[in-house]
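Commentary on secondary and tertiary structure
Listed below, chain by chain, are the residues.
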Amino acid sequence: MSAAQWDQRYADDHYHYGTAPNAWLISQAWRLPRSGAALALADGEGRNGVWLAQQGLHTTSLDQSVVGLAKAQRLAQQCGVTLHAEHADLADWAWPESAYAVIASIYVHLPDALRRRTHAGIMRALCPGGLLILEAFTPEQLACSSGGPRDLALLYSESMLRADFAGLEILELLGGEVLLDEGPGHRGSGRVLRLLARRRL
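I will try to describe carefully the structure that is included in this document. Counting from 1, residues in each chain are numbered in the order their sequence is written. Per-residue local features of the predicted model are confined to residues with pLDDT of at least 70, and side-chain atom pairs are confined, for both listing and counting, to 80 or more; whole-chain, interface and lining totals are unaffected and use all residues. Only hydrogens and water are removed before side-chain values are computed, so all heavy atoms of the structure are retained for them.

If you want to describe how two helices pack, look at the angle between their axes and the distance between the axes. In this analysis an axis means a line fitted to C-alpha atoms, helices contributing only their contacting stretch, and an angle means the value between N-to-C directions, from 0 to 180 degrees. Put simply, DSSP marks the helices as runs of H or I at least four residues long and the strands as runs of E at least two long, and each gets a number from the N terminus on. Contact geometry for helix H3 (residues 47-54) and helix H4 (residues 66-79): axes closest at 9 Å, N-to-C directions at 35 degrees. The element H3 and its partner H4 pack so that their crossing is right-handed. On H4, the residues that touch Arg 47, Val 50 and Gln 54 of H3 are Ala 72, Leu 75, Ala 76 and Cys 79. By residue class, the composition of the contact of H3 with H4 is five nonpolar, one polar and one charged. Should the near helix be turned counterclockwise from the far one by less than a right angle, the crossing is left-handed, whereas a clockwise turn marks it as right-handed. Residue contacts follow a heavy-atom distance rule, with two residues in contact if any of their heavy atoms lie within 4.5 Å. Residue classes follow a fixed rule: Ala, Val, Leu, Ile, Met, Phe, Trp, Tyr, Cys and Pro count as nonpolar, while Asp, Glu, Lys and Arg count as charged, and any other residue, Gly among them, counts as polar.

See the structure below:
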């Protein structure tokens, strides 16, 4: 989807994917460092970035939608945390080197070339020991009505993620059915992959 399409999706007052963070992200709270920088990738209306900021991390919420980022800032203010909002397109964003202790990639579905570029950027941007927390839909999601891309080329497989993140230490890579309750955008039974990986020291 284009930035304009995302702006249109986020134009209402309600939060399309809710204001609560992703369940897989929450489940990894015990692994998070007590300080450092975090990146919430393609964070939309900010639910995951705000949660990371609430954990004490200096968090950047990156997205191509200015409307979504404005709502992310409002959510951060309501929650009493500071969130750095960065308007950027992943197609030409300059990934920093060893900048983040945590990167959250929650439902960031990209075409092949951009996906590989983005995943290489994630590996470069993690600091040594830094964590990647990723959740994405699998091809089986096409049989579900709980959201996600309707294009097979945008859905991820276990082998794809293992290849993309071969440079990281994969701590967990789980696949299966989950019950989604993330606003009107993700609700019902879904088929996902959940990845936890770490840049080696």
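Once that is clear, we can look at H4. Any helix carries an expected span of 1.5 Å times its number of residues minus one. Taking 1.5 Å of rise per residue, the 14 residues of H4 would be expected to cover 20 Å, and the 20 Å separating its terminal C-alpha atoms lies within 8% of that figure. Those residues of H4 not exposed but buried are Gly 68, Leu 69, Lys 71, Ala 72, Leu 75 and Ala 76. For H4, the angular spread of buried residues about the axis comes to 160 degrees, placing them on one side. Residues of H4 that are exposed and angled more than 90 degrees away from the buried face: Gln 77 and Gln 78. In this fold, the buried residues of H4 make contact with H3, strand S2 (58-63) and strand S3 (84-87). The positive-phi residue at the C-terminal boundary of H4 is Gly 80, with phi of around 75 degrees. Classification of residues uses two cut-offs on accessible area relative to the type maximum, computed with a 1.4 Å probe and protein chains only: under 20% is buried, over 50% is exposed, and between them is partly exposed. The directions considered for the arc are those from the helix axis to the C-beta atoms.

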